[in-house]
Amino acid sequence: MRGQFTGWPEQAMDVLWQLQGEPNHATRERHRADRERLVRQPMIALLNEVADTDPRYEDFSVWHYRTNSWWWQHQGAVIRLGRKIEIGLRFDLDGLRIQGAWWYPDPGQVDMFRKAVAAEGSGRELSSIVEDVQKKGYDISGDVMKRPRAAIRRTTPV
């Protein structure tokens, strides 16, 4: 579906509300078509629009709902930007959540990232972007990148 993203209609929240708790199979099936049209299809439209603006965002997945009720209550998607680098999206009754993830980076990638953050130009640009996002009322949170610590153990008895 290639269409302009216009947001999720109010009825999407009604459908998700009906799917709260532990809805039985009959309830899920009764809301299947509305959930597809009002919740999942707008996510696909959003990611198609993002992909149309920048070719780096063309590789994405929008997940189907499964037998587990959590998947019926939360619409997930992921945009893959590079090896082990993703932007995750989740739409549910709390709204739209967007998060970045860098899964198990290679040591060379970590070094390049640290140098870019510490560099005068790119470091200031990143700082400015984060400050602007915070001023707009968004929460910035996440894990701190750490160096792995080597565990030291004595292997011979004392």
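The rules we used
- Residues numbered from 1 in each chain as written.
- Predicted model: local features only at pLDDT ≥ 70, side-chain atom pairs only at ≥ 80, totals over all residues.
- Heavy atoms only, no water.
- Axes fitted to C-alpha atoms, helices over the stretch in contact; angles between N-to-C directions.
- Helix = DSSP H or I, 4+ residues; strand = E, 2+ residues; numbered from the N terminus.
- Parallel < 35°, antiparallel > 145°, perpendicular 65-115°, else oblique.
- Left-handed = near helix turned anticlockwise from the far one by under 90°.
- Contact = heavy atoms within 4.5 Å.
- Pairing = 2+ DSSP bridges.

Just to check I follow, could you spell out the packing of helix α1 (residues 10-18) against helix α2 (residues 25-53) for this structure?
Any two packed helices are characterised by the angle at which their axes cross and by the distance between the axes. As a packed pair, α1 and α2 sit with axes 9 Å apart at the nearest point and diverge in direction by 150°. As summarised for this structure, α1 and α2 are arranged roughly antiparallel, according to the angle between their axes. The two elements α1 and α2 meet at a crossing, and its hand is left-handed. Contacts between α1 and α2 involve Gln11, Ala12, Val15, Leu16 and Gln18 from the first element and Thr27, His31, Asp34, Arg35, Leu38 and Val39 from the second.

Help me understand the sheet that holds strand β3 (residues 85-92) in this model?
What holds strands together in a sheet is hydrogen bonding between their backbones, with the strands either parallel or antiparallel. The sheet built from four strands is open, its strands ordered β1-β2-β3-β4 with antiparallel pairing. The open sheet has two edge strands with one neighbour each: β1 (60-62) and β4 (95-102). The mean inter-strand angle of the sheet, taken between neighbouring strand axes irrespective of direction, is 15°. Bridge count between β1 and strand β2 (residues 75-82): three bridges; the pairing is antiparallel. Across the sheet, residue Ser61 finds its bridge partner in β2, namely Val78. In the packing of α1 onto the sheet, the strands contacted are β3 and β4, and the crossing angle to β3 comes to about 80°.

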